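Now for the letters of each chain:
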Amino acid sequence: MKHYAKEDIIRIVNEEDVEFIRLQFTDIFGQLKNVAVTRSQIEKVLDNKIMIDGSSIEGFTRIHESDQYLRPDLDTFAILPWMPSTRKTARLICNVYNPDGTPFVGDPRYVLRRALEKAEKLGYTFNVGPEMEFFLFEADEKGLPTARTADAASYFDMAPIDHGGDVRREICLMLEEMGFEIEASHHEVAEGQHEIDFKYADALTAADHISTFRMAVKTIAQSRGLHATFMPKPVFGINGSGMHINMSLFRDGKNIFFDPEGEKGLSKEAYSFIAGILMHVRGMTAITNPLVNSYKRLVPGYEAPCYLAWSASNRSALIRIPAARGSSTRVELRCPDPACNPYLAIAVCLAAGLDGIEQGMTPPAEITENIFTMTEKERKSHGIDSLPGNLLEAVELLEQDPLITGTLGEHVCRSYVSGKRREWDEYRTRVTDWELKRYMIVY
């Protein structure tokens, strides 16, 4: 990752003919927002003098306390390669501050920064590598998404069966222009489903990358007449999209999850981190899987883990430990989906894992059998619990977990829960096509 001073950014803006600068931030649900300014305002931007009306942003402030300031993280400066090559557009990701100069507690990026500060005090650096899945659908003549993919491909298939290969290629190349290190891209299991993996980074950079990735994929797909969606389960009967989160803790440049003398090459801290995640994951799920639709992915039979277990190899377990060891040793949480707010999701993962380490927790025994084929009685005999079955249950479990609510902070937690309860109420009162087809004639 490059490091920039104010003078560097001013120089690049002038040398590269950058005319517009987008100052980006997210609301509590992870939706990307921005204020755009022209080159003439760059010094004002870099002096933290750009103001926004926080009362207009979901989960931010009330109307009588609305003024807030955007403080750009200079190291996030990047020129957007899909925009015109003359009079270019750049972006800066911003932290949100109050008029008195204090960080705004409702800023999701601040929630993650606060969690990282705790890890830093314990001597840790937290690294994260996401695996991003998404669907590409055809758009209609008005540019609106359809459910058509014109794609019969499956896992690792190539063109001409894979109709999205050229789009993935363009996405990868443009992201690399922005400083991403793309490790792999391929067609996923479902028709029209794709995955692009980029190299792990420190947690804050990784969260920024996820937000940027979603914007880039949607923008580039739209330019090709397609619609990209990170909706977890857009099509009935086929796999949904996940966002597996690979996590590792470093101290003094060494991965503390690795112990060549430990069982399976894992350290005591690694096992405690796993235990902490398993202890708190039901309270985290409303954050890692934030939509009504998320829980239509988290069902048996479609490769998405829904049972609380860990394994060094078993992909039906919620937590998997990939085979790589040494500096690449990591814990992979498989339930999150790409609709989540990455700042909040990574923050609660870190908090849960650190709690496991601080409390010296021990995880249950590894599950090596296919959990999806177990009976309920067999799962019970192994002590295997389930993730929440719907958004309302997940929200209620979040409210019952003081570690997770404390990590989010009172402001974010209150606003998030309120928004998700509204979402659930709207969903449960709707009459769906399924209900009409199932009941209208019969009854």
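Scroll up for the structure.
Structure report, in brief. Here the structure is a predicted model, which is why all the values come from computation and not from measurement.

Rules of the game
Residues numbered from 1 in each chain as written. Predicted model: local features only at pLDDT ≥ 70, side-chain atom pairs only at ≥ 80, totals over all residues. Heavy atoms only, no water. Helix = DSSP H or I, 4+ residues; strand = E, 2+ residues; numbered from the N terminus. Rg over C-alpha atoms; globule rule 2.2 N^0.38 Å. Buried < 20%, exposed > 50% of the residue type's maximum accessible area, 1.4 Å probe, protein only. Contact = heavy atoms within 4.5 Å. Lys, Arg positive; Asp, Glu negative; His and termini not counted. Charge placed at Lys NZ, Arg CZ, Asp CG, Glu CD. Salt bridge = Lys/Arg side-chain N within 4 Å of Asp/Glu carboxyl O. Polar contact = N/O pair within 3.5 Å; in protein donor to acceptor, adjacent residues only side chain to side chain. Pairing = 2+ DSSP bridges. 1 Å grid on protein atoms, 1.4 Å probe; cavity = no way out; pocket = protein on both sides within 12 Å on 5 of 7 lines; lining within 4 Å. Points joined across faces, edges and corners; volume = space filled by probe spheres on them. Nonpolar A, V, L, I, M, F, W, Y, C, P; charged D, E, K, R; others polar. Patch = residues over 30% accessible without salt bridge, like charges linked within 9 Å, V, L, I, M, F, W, Y side chains within 5 Å. Areas by Shrake-Rupley, 256 points an atom, 1.4 Å probe, with all protein chains shown as cover. Core = buried A, V, L, I, M, F, W, Y, C linked by side-chain atoms within 4.5 Å. Axes fitted to C-alpha atoms, helices over the stretch in contact; angles between N-to-C directions. Parallel < 35°, antiparallel > 145°, perpendicular 65-115°, else oblique. Left-handed = near helix turned anticlockwise from the far one by under 90°. Expected span 1.5 Å × (residues − 1).

## A look at the overall build of the protein
Okay, so step 1: Across its full length, the protein carries twelve helices and 16 strands.
Okay, so step 2: Over its C-alpha atoms the protein spans a radius of gyration of 22 Å, differing by no more than 12% from the 22 Å that the globule rule assigns to 443 residues.
Okay, so step 3: Dimensions of the protein along its principal axes, counting C-alpha atoms only, are 65 × 60 × 45 Å.
Okay, so step 4: Within the protein, buried positions represent 55% of all 443 residues.
Okay, so step 5: Looking at the protein alone, contacts between residues at least 24 apart form 70% of all its contacts between residues at least 6 apart.
Okay, so step 6: On the protein, the mean spot of the 50 positive side-chain charges and the mean spot of the 64 negative ones are 2 Å from each other.

## Some remarks on the side chain of R297
Okay, so step 1: Relative to the assigned elements, R297 resides in the loop between α6 (268–288) and β14 (310–311).
Okay, so step 2: Notably, R297 is buried but unbridged: the nearest opposite-charge side chain belongs to D337, and the N-O separation is 4.8 Å.
Okay, so step 3: At 2.7 Å, the side chain of R297 and the backbone oxygen of C335 are in polar contact.

## Regarding the pairing of strand β6 (residues 88–97)
Okay, so step 1: For β6, the buried fraction is high: ten of the ten residues fall into the buried class.
Okay, so step 2: Residue alternation in β6 divides its side chains into two sets, K88, A90, L92, C94 and V96 and T89, R91, I93, N95 and Y97, and both sets are buried.
Okay, so step 3: Pairing of strand β1 (residues 18–26) with β6, which is carried by six bridges, proceeds in the parallel orientation. From the neighbouring strand, L23 faces β6, where its bridge partner is L92.
Okay, so step 4: Looking at chain direction, strand β4 (residues 67–72) and β6 are connected through four bridges and run antiparallel. Bridged to L70 within β6 is V96.
Okay, so step 5: Direction of pairing for strand β5 (residues 78–79) relative to β6: antiparallel, over a ladder of two bridges. Counterpart to A78 in the pairing with β6 is R91.

## Concerning the layout of surface pockets
Which parts of space are left empty comes out when a probe the size of a water molecule is rolled across the atoms.
Okay, so step 1: Here the largest pocket defines a volume of roughly 780 Å³.
Okay, so step 2: Around the largest pocket, the lining comprises 39 residues; the ones closest to its centre are E131, E195, H244, R320 and E332.
Okay, so step 3: The leading source of residues in the lining of the largest pocket is strand β7 (residues 125–138), at six residues.
Okay, so step 4: Partitioned by chemical class, the residues of the lining of the largest pocket number eleven nonpolar, 15 polar and 13 charged.

## Considerations on the pattern of salt bridges
Okay, so step 1: Following the criterion strictly, the structure yields 21 salt bridges and no others.
Okay, so step 2: Residue D8 is joined to R11 by a salt bridge in which the shortest nitrogen-to-oxygen separation is 3.8 Å. You can see D8 and its partner R11 sitting in helix α1 (residues 6–15), three residues apart, about one turn around the helix.
Okay, so step 3: Exposure remark for R11: the relative accessible area of 39% places this residue in the partly exposed category.

## What to know about a nonpolar patch on the surface
Okay, so step 1: Judged by side-chain polarity, V431, L436, M440 and I441 come together as a nonpolar surface patch covering roughly 470 Å² of accessible area.
Okay, so step 2: Inspection of the secondary structure puts V431 in the loop between α11 (410–428) and α12 (433–439).
Okay, so step 3: Residue classification places V431 among the exposed residues on the basis of a relative accessible area of 61%.

## Quick word on the nonpolar core
Okay, so step 1: F126, M247, L249, I319 and L333 are the most contacted members of the largest nonpolar core, which has 101 residues in total.
Okay, so step 2: Formed by 22 residues, the second largest nonpolar core is a distinct cluster that contains I9, I21, I52 and F104.

## Points about the packing of α6 against helix α9 (residues 391–399)
Okay, so step 1: Between α6 and α9, whose axes approach to 7 Å, the crossing angle comes to 125°. Classed by the angle they form, the pair α6 and α9 counts as oblique. Handedness of the crossing formed by α6 with α9: left-handed. Note on element contacts: α9 touches α6 through E393, A394, V395, L397 and L398, opposite R282, G283, T285, A286 and I287.
Okay, so step 2: Taken together, the residues of the contact of α6 with α9 sort by class into six nonpolar, two polar and two charged.

## Section: helix α3 (residues 108–121)
Okay, so step 1: Helix length check: α3, at 14 residues, gives a terminal C-alpha distance of 20 Å against a target of 20 Å (1.5 Å per residue), a fit within 8%.
Okay, so step 2: Within the span of α3, buried status applies to P108, R109, Y110, V111, L112, R113, A115, L116 and A119.
Okay, so step 3: Between the side-chain oxygen of the N-cap and the backbone nitrogen of R109 there are 3.1 Å, and the N-cap of α3 in question is D107.
Okay, so step 4: Positive phi appears at G123, one or two residues downstream of α3, with a value of about 90°.

## Observations concerning the packing of α6 against helix α7 (residues 342–358)
Okay, so step 1: Direction vectors running N to C along α6 and α7 enclose 140°, while the axes themselves pass 6 Å from each other. When the interaxial angle is binned, α6 and α7 end up oblique. Between α6 and α7 lies a crossing whose hand is right-handed. Across the interface between the two elements, E269, S272, F273, G276, I277, H280, M284, I287 and T288 of α6 pack against L344, A345, V348, C349, A352, G353, L354, D355, G356 and I357 of α7.
Okay, so step 2: For the contact of α6 with α7, the residue count by class is eleven nonpolar, six polar and two charged.

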